[in-house]
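Below are the chains, spelled out letter by letter.
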Amino acid sequence: DAARIPRTEKERQQRALPFAGRTRNAYSRNYFTYGLVFAQHGYSEAAEAAFKRAISQDPNAADAYYDLGTLYMQKEQWNLAEEVLQNAVQLKPKDPMVLNNLGIVAARTGRPLNAERYFKQVLRADPSNVLAIGNLADLYRNQNRLQDAQQLLEAALKERPDDSQLSYKLGMIFAGQGRTSQAQAYLEQAVRLQPDNVEALDNLGVVYALTGQFNRAADTFSLCIRKAPGFDQPYLNLARVDVKLGKRAEAVQALKALLVQVPGHPLAQKYLRQLQR
């Protein structure tokens, strides 16, 4: 076998190919596909290297720039993300996914006017783009422009009344305004439309607690824990409600359950010490 090892490029091709002849194209790997698979399985360093190889093979590979930028966003490397996404938007100036991501980067780096411009650019081309609507509503909420966010979401829900995320975001806007009855209605709607939306469930429980519906709050937090055992907020909120109901032993149990899921959780340890004094 050692004697049969190919020594030249011609010999390697003769062994590799079933028929004699000349190939017209050079052999290469699809590094973009490799990058997608690596990213989907959490191998971010390998994905980054693969996307960079894809770009070196084809400097006009807009999708590779986009996915590399998204990868940098996940790692919160905002400057790198923006640099790469700007390359993507040069190749695809109207791509809504690229523009949305540039808006998110601008928002996360303290440039709300730029972020608003990107989200509105998407909406001018596609007024029903739910991702841009949600991102713009979040931007308004973070700027305390609650009325603007409310108007945006209410208009969107007229067109898409069965959208769980829009209902959830509008419920949170009402909660931020202290309008708990409207917040409850929209958060309940969000949970009906998407029962596994644990953030909506947890915040619905908070609204129940704020309005004195402690038993409903406790049931909602317990359901949230069953659906997402690794999510810390419902444990903490359940412990607070249990204390309100005079159930200190149950509150201790909730905090200990959280510490099983998240060992060393600082707030759970703090509240547990307070309850066990």
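In this report, we go over the structure that sits alongside the text. (Residues numbered from 1 in each chain as written. Predicted model: local features only at pLDDT ≥ 70, side-chain atom pairs only at ≥ 80, totals over all residues. Heavy atoms only, no water.)

With that settled, the discussion passes to the pattern of salt bridges. The final tally for this structure, using the stated rule, is 13 salt bridges. Note that Arg-108 is salt-bridged to Glu-76, the shortest N-O span being 3.8 Å. Taken together, the residues Arg-108 in helix H6 (residues 96–108) and Glu-76 in the loop between helix H4 (62–74) and helix H5 (78–91) connect sequence positions 32 residues apart. In the salt-bridge network here, residues are joined through shared partners; they are Glu-116, Lys-120, Arg-145 and Asp-148. (Salt bridge = Lys/Arg side-chain N within 4 Å of Asp/Glu carboxyl O. Helix = DSSP H or I, 4+ residues; strand = E, 2+ residues; numbered from the N terminus.)

Contact geometry of H6 with helix H8 (residues 130–142) gives a least axis separation of 10 Å together with a crossing angle of 10°. The angle between the axes of H6 and H8 places the two elements in the roughly parallel class. Within the contact between the two elements, H6 uses Met-97, Asn-100, Ile-104 and Ala-107 and H8 uses Leu-131, Ala-132, Asn-135 and Leu-139. Of the residues in the contact of H6 with H8, the class split is 6 nonpolar, 2 polar and no charged. (Axes fitted to C-alpha atoms, helices over the stretch in contact; angles between N-to-C directions. Parallel < 35°, antiparallel > 145°, perpendicular 65-115°, else oblique. Contact = heavy atoms within 4.5 Å. Nonpolar A, V, L, I, M, F, W, Y, C, P; charged D, E, K, R; others polar.)

So, about a nonpolar patch on the surface. A contiguous nonpolar patch, built from Tyr-34, Phe-38 and Tyr-43 and spanning about 310 Å² of accessible area, is present on the exposed surface. Looking at where Tyr-43 falls in the secondary structure, it is placed in the loop between helix H2 (31–40) and helix H3 (44–57). Tyr-43 sits in the exposed class, given a relative accessible area of 52%. (Patch = residues over 30% accessible without salt bridge, like charges linked within 9 Å, V, L, I, M, F, W, Y side chains within 5 Å. Areas by Shrake-Rupley, 256 points an atom, 1.4 Å probe, with all protein chains shown as cover. Buried < 20%, exposed > 50% of the residue type's maximum accessible area, 1.4 Å probe, protein only.)

For H3, which comprises 14 residues, the first-to-last C-alpha distance of 20 Å matches the rise-based estimate of 20 Å (1.5 Å per residue) to within 8%. Among the residues of H3, those classed as buried are Ala-47, Glu-48, Ala-50, Phe-51, Ala-54 and Ile-55. Along the long axis of H3, the arc covered by the buried residues comes to 165°, so they all point the same way. Exposed residues pointing more than 90 degrees away from the buried face of H3 are listed as Glu-45 and Ser-56. Those residues of H3 that are buried lie in contact with H2 and H4. (Expected span 1.5 Å × (residues − 1). Arc of directions from axis to C-beta.)

In this section: the packing of H2 against H3. Contact geometry of H2 with H3 gives a least axis separation of 8 Å together with a crossing angle of 160°. Between H2 and H3, the angle falls in the class roughly antiparallel. Of the two possible hands of crossing, H2 and H3 adopt the one that is left-handed. In contact with Tyr-31, Phe-32, Tyr-34, Gly-35, Leu-36, Phe-38 and Ala-39 of H2, H3 contributes Ala-46, Ala-47, Ala-50, Phe-51, Arg-53, Ala-54 and Gln-57. Classifying every residue of the contact of H2 with H3 by side-chain character gives 11 nonpolar, 2 polar and 1 charged. (Left-handed = near helix turned anticlockwise from the far one by under 90°.)

This next bit is on the environment of Asn-79. When you line up the elements, Asn-79 lands in helix H5. Residue Asn-79 is classed as exposed on the basis of its relative accessible area, which comes to 62%. Taking the C-alpha atoms as reference, Asn-79 lies 9.8 Å from Ala-106; in sequence the two are 27 residues apart.

Checked against the element boundaries, Leu-91 lands in helix H5. The class of Leu-91 is partly exposed, set by a relative accessible area of 34%. Sequence-wise, Leu-91 and Tyr-235 are 144 residues apart; in three dimensions their C-alpha atoms are separated by 47 Å. With sequence-adjacent residues up to four places away left out, Leu-91 is seen in contact with Pro-59, Asn-60, Ala-61, Ala-62 and Tyr-65.

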